[in-house]
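Structural description and commentary
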Amino acid sequence: MDLFSEIEEPEREELKRLRKELEEQNYKYYVLNQPTMSDREFDEKMHRLQALEALYPDMFDPKSPTQHVGSDLGKKGFEQVKHKYPMLSLANSYSREEIEDWVRKLPSNVEIVCELKYDGLSISLWYEHGVLVKALTRGDGQQGDDVIANIKTIPSIPWRIERNDVPDFFELRGEVLLPWERFEALNKAREEQEEPLFANPRNAASGTLKLQDPKEVARRGLDAYLYYMIGENLPGTTHYERLETAKAWGFHISDAIKVCHSVDEVMAYIAYWDTERKNLPVATDGIVLKVNDLREQEELGYTAKTPRWAIAYKFPAEKQLTLLKEITYQVGRTGVVTPVANLEPVQLSGTIVQRATLHNEDFIKSLDIRPGDHVWVEKGGEIIPKITGKEEKPTPDPSLKGRQMFSFPTHCPECGAELIRVPGEAAWRCPNEAGCPPQIKGKIEHFVSRKAMDIEGLGEETIDLLYRQGLLKNIADIYDLKPEDIASQERLGEKSAQNMLAGIKASKQVPWNRVLFALGIRMVGETTAKKIAKRYHSIDLLQWATAEQLCAIEDVGPQIAENIVKYFEDLGNLEILERLRQAGLQMEGEAAEEPTSDKLAGKSIVISGTFSHHSRDEYKALIETHGGKNSGSVSKKTSFILAGENMGPEKRKKAEDLGIPLVSEEEFMQMIEL
Ligand code: IVH
């Protein structure tokens, strides 16, 4: 290997890793509504990826997250509609310098409209002859879900505009939001029901908009602000005028819009709203700068993902300084011991914070954080707040214990086992997987969770209860639970006992790939489990696989392979597996084929005729692999017909009558080409 390739190799690896990580984040953000990274971190990683892609043009990939906006497609039950104008995102900036840079590239004496950046999800409203006919989510930017029934529950969105000066067609785009007050009430109710909480109003709004029950949507109380009008032959020559027009037509347009003429004016607007936004009823995360003149906008145009005529400025994450009273330790499902800061309570982004993560030993040591210090606490997009730094300030209470240098515990605070630190990892772990209470309970919680065995009625509290009584010591014990064990619990009535037992029984039908995921082998997530189950059709085959053989599976690296091999070397695990087998769980089977792209998502395709490149079955598999649906008969729901030679005359006639396009083999291959 020469010197250059030695430098190149790690960067190429980093590039690939970033692509994967950002793709995953996009999915968590847009589909699951559960981001695990702050916007800022996401942007920094995206910039790094862009820089690496510029360095290694030979690694260009049209599927890279730098080349497309994230997608929230994939929710069932809504009609997917192609946007008339793509729904793009905005380039982000974080400083005066970045704004100056952007302004420098604009025509001189340009007028800039400053608006608040509302932190919800974008919506595109279509009005035909003054009537609301569609309400589309951004989706993948090209097509979105029509959620009109849910949008109609928002009182400030007119269903019809009774005026004679509205154009035949126009589109208004804006942001759907769940006001703070509604968000807090919703989370409180969810807490009472033991349902998972929404991390922030944005996620709550997104989850709400995708509900199939408009009545429930109405109860939750969404709101919307509109900020962009598009269409042909619309009134006005500036963005500002258009928004004024929309306001006159009865739309909810923010009052915080200002036309600015210099960077100083823009910065003054930012400074004002960075404080004042805390008094707003909805969440905002920055401001948006837009070139006012529509002709200038047109001349500036677009990049693949963003308009050049607009840019977002993101407010720095809100943070507070508070007293660190004590450091405690929390042991997670996988045995990772996380240091937790117990704080003097502070108000932060609308909630009171008293606990925050201190990440790991290295973080605490590098900042020399000790009880009695004043620390900065921040809340990104996540539920769990974090400590980001400290401030030198005399402690108000010198008697606070622990002014001595911080040292990480050597033994598990839960079970007393000696902690280990895996080389290359920042975390300390408790190795006592089978005997450490939070690990045992965590494993059981994972096992019963929705994507694993999906056993309803066996929640965190019930697991804790049964664990403390010695009825549930591992996952196999679930299948030995007797009706009387459950019914005799004070908190659980007969009805919950029945539900739980029905859930346990039904879990015996859960397919093998999910059973494998449910076992909780370290780093074997849902997707990896599916890939392993596709290669190994039974646990008996998997049990004898070597690390080398396992590494041949896509997504399985040496670390995962080692975890699997170790799992099967543990006699305790083998005993549990045997009990699960006796209980009748599915320990073999074939994992279903998963779509690998969404090129044909939402399309219903009929195959007809004879083909020369692939067999019918192969085409069927290709359709499914790309997210489409193969259907046997032509109807008005058919998206197109994959037509070979000698297509049946009846089908051809029906397709003609319904105006359904015919697609040849070659065209189809082009469509799905990666
Ligand atoms: S304008 C083509 N204005 O921010 C430009 N977007 O990060 C269209 N957003 O997808 C967007 N407040 O969902 C615009 N005042 C505002 C906004 C705003 C929030 C959202 C919007 C967009 C995202 C980009």
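Right, let's walk through the structure included here.

Conventions and cut-offs
- Residues numbered from 1 in each chain as written.
- Predicted model: local features only at pLDDT ≥ 70, side-chain atom pairs only at ≥ 80, totals over all residues.
- Heavy atoms only, no water.
- Helix = DSSP H or I, 4+ residues; strand = E, 2+ residues; numbered from the N terminus.
- Buried < 20%, exposed > 50% of the residue type's maximum accessible area, 1.4 Å probe, protein only.
- Contact = heavy atoms within 4.5 Å.
- Lys, Arg positive; Asp, Glu negative; His and termini not counted.
- Charge placed at Lys NZ, Arg CZ, Asp CG, Glu CD.
- Near = heavy atom within 4 Å.
- Polar contact = N/O pair within 3.5 Å; in protein donor to acceptor, adjacent residues only side chain to side chain.
- Areas by Shrake-Rupley, 256 points an atom, 1.4 Å probe, with all protein chains shown as cover.
- Nonpolar A, V, L, I, M, F, W, Y, C, P; charged D, E, K, R; others polar.
- Phe/Tyr/Trp six-rings, centres within 6.5 Å; stacked < 30°, edge-to-face > 60°.
- Pairing = 2+ DSSP bridges.
- Axes fitted to C-alpha atoms, helices over the stretch in contact; angles between N-to-C directions.
- Parallel < 35°, antiparallel > 145°, perpendicular 65-115°, else oblique.
- Left-handed = near helix turned anticlockwise from the far one by under 90°.
- Salt bridge = Lys/Arg side-chain N within 4 Å of Asp/Glu carboxyl O.

Our next topic: the overall build of the chain. Summing up its helical and strand segments, the chain has 24 helices and 22 strands in all. Once the C-alpha set of the chain is aligned to its principal axes, its extents read approximately 80 × 75 × 70 Å. Here the chain holds 674 residues, and the buried ones make up 47% of them. By sequence separation, contacts in the chain at least 24 residues apart represent 67% of the contacts at least 6 residues apart. Considering the chain, the positive charge centre built from 87 side chains and the negative charge centre built from 111 side chains are found 3 Å apart.

In this section: the site of the ligand. Close to the ligand lie 13 residues, the nearest being Glu 115, Tyr 118, Glu 175, Tyr 227 and Lys 290. A distance of 3.0 Å separates a nitrogen atom of the ligand from a polar backbone atom of Leu 116. In this structure, an oxygen atom belonging to the ligand sits 3.2 Å away from a side-chain N or O atom of Tyr 227. Relative to its free-state accessible area of 530 Å², the ligand is covered by the protein chains to the extent of 91%. Among the elements that make up the shell around the ligand, the one with the highest residue count is strand E3 (residues 112-118) (4 residues). When grouped by side-chain class, the residues that make up the shell around the ligand number 7 nonpolar, 1 polar and 5 charged.

Attention now moves to the packing of aromatic side chains. Summed over all chains, the structure comprises 19 aromatic pairs. A centroid spacing of 5.2 Å and a plane angle of 80 degrees characterise the contact between Tyr 127 and Phe 251, whose relative ring orientation is edge-to-face. Of the two residues, Tyr 127 sits in strand E4 (residues 121-128) while Phe 251 sits in the loop between helix H8 (239-248) and strand E9 (258-260), which places them 124 residues apart along the sequence. Residue Tyr 127 shares its accessibility class with Phe 251, and that shared class is buried.

Before going further, it helps to spend a moment on the sheet that holds E4. Reading across from one edge, E5-E4-E7-E8 is the order of the 4 strands in this open sheet, with antiparallel pairing throughout. Single-partner strands in this sheet number two, and they are strand E5 (131-137) and strand E8 (223-230). Direction aside, the axes of adjacent strands within the sheet are offset by 30 degrees on average. With 7 bridges joining them, strand E7 (residues 169-177) and E8 adopt antiparallel strand pairing. By the bridge assignment for E8, Arg 173 is matched with Tyr 228. Against the sheet, helix H6 (residues 201-209) makes contact with E4, E5 and E7, and its axis sits at roughly 45 degrees relative to E4, the strand it touches most. Relative to the sheet, H8 contacts E7 and E8, its axis offset from that of E8 by approximately 130 degrees.

In space, the 5 strands of this open sheet follow the order E2-E11-E10-E3-E9, with mixed pairing throughout. Only two strands of the sheet have a single neighbouring strand rather than two, namely strand E2 (92-93) and E9. As paired elements, E3 and E9 share 3 bridges and run antiparallel to each other. Bridged to Val 113 within E9 is Val 259.

This part is about the packing of helix H22 (residues 616-625) against helix H24 (residues 665-672). At a minimum axis separation of 11 Å, H22 and H24 run at an interaxial angle of 30 degrees. Taken together, the axes of H22 and H24 lie roughly parallel to each other. Crossing angle aside, the handedness with which H22 passes H24 is left-handed. Between H22 and H24, the residues in contact are Tyr 619, Leu 622 and Ile 623 and Glu 665, Phe 668, Met 669 and Ile 672, respectively. Residue composition of the contact of H22 with H24, by class: 6 nonpolar, no polar and 1 charged.

Where burial is concerned, most of E3 is hidden: 7 out of the 7 residues are buried. The sheet contact formed by E3 and strand E10 (residues 284-291) spans 7 bridges and is antiparallel. Within E10, the residue paired with Glu 115 across the bridge is Val 288.

So, about the environment of Glu 645. Considering the arrangement of structural elements, one finds Glu 645 in the loop between strand E21 (640-643) and helix H23 (649-658). For Glu 645, a relative accessible area of 55% puts it in the exposed group. For Glu 645 and Ser 608, which are 37 residues apart along the polypeptide, the C-alpha to C-alpha distance reads 8.3 Å. Non-local contacts of Glu 645, meaning those with residues more than four positions away in its chain, are made with Gly 609 and Thr 610.

A separate point is unusual backbone geometry. Phi is positive for Asn 233, close to 50 degrees, though the residue is something other than glycine. You can see Asn 233 is positioned in the loop between E8 and H8. For Asp 555, which is not a glycine, the phi torsion comes out positive at approximately 80 degrees. Secondary-structure assignment places Asp 555 in the loop between helix H19 (547-551) and helix H20 (558-569). Exposure remark for Asp 555: the relative accessible area of 34% places this residue in the partly exposed category.

The next thing to look at is the pattern of salt bridges. Applying the stated criterion across every chain yields a total of 45 salt bridges. Within the structure, one salt-bridge network assembled from shared partners comprises Asp 39, Lys 117, Asp 285 and Lys 314.

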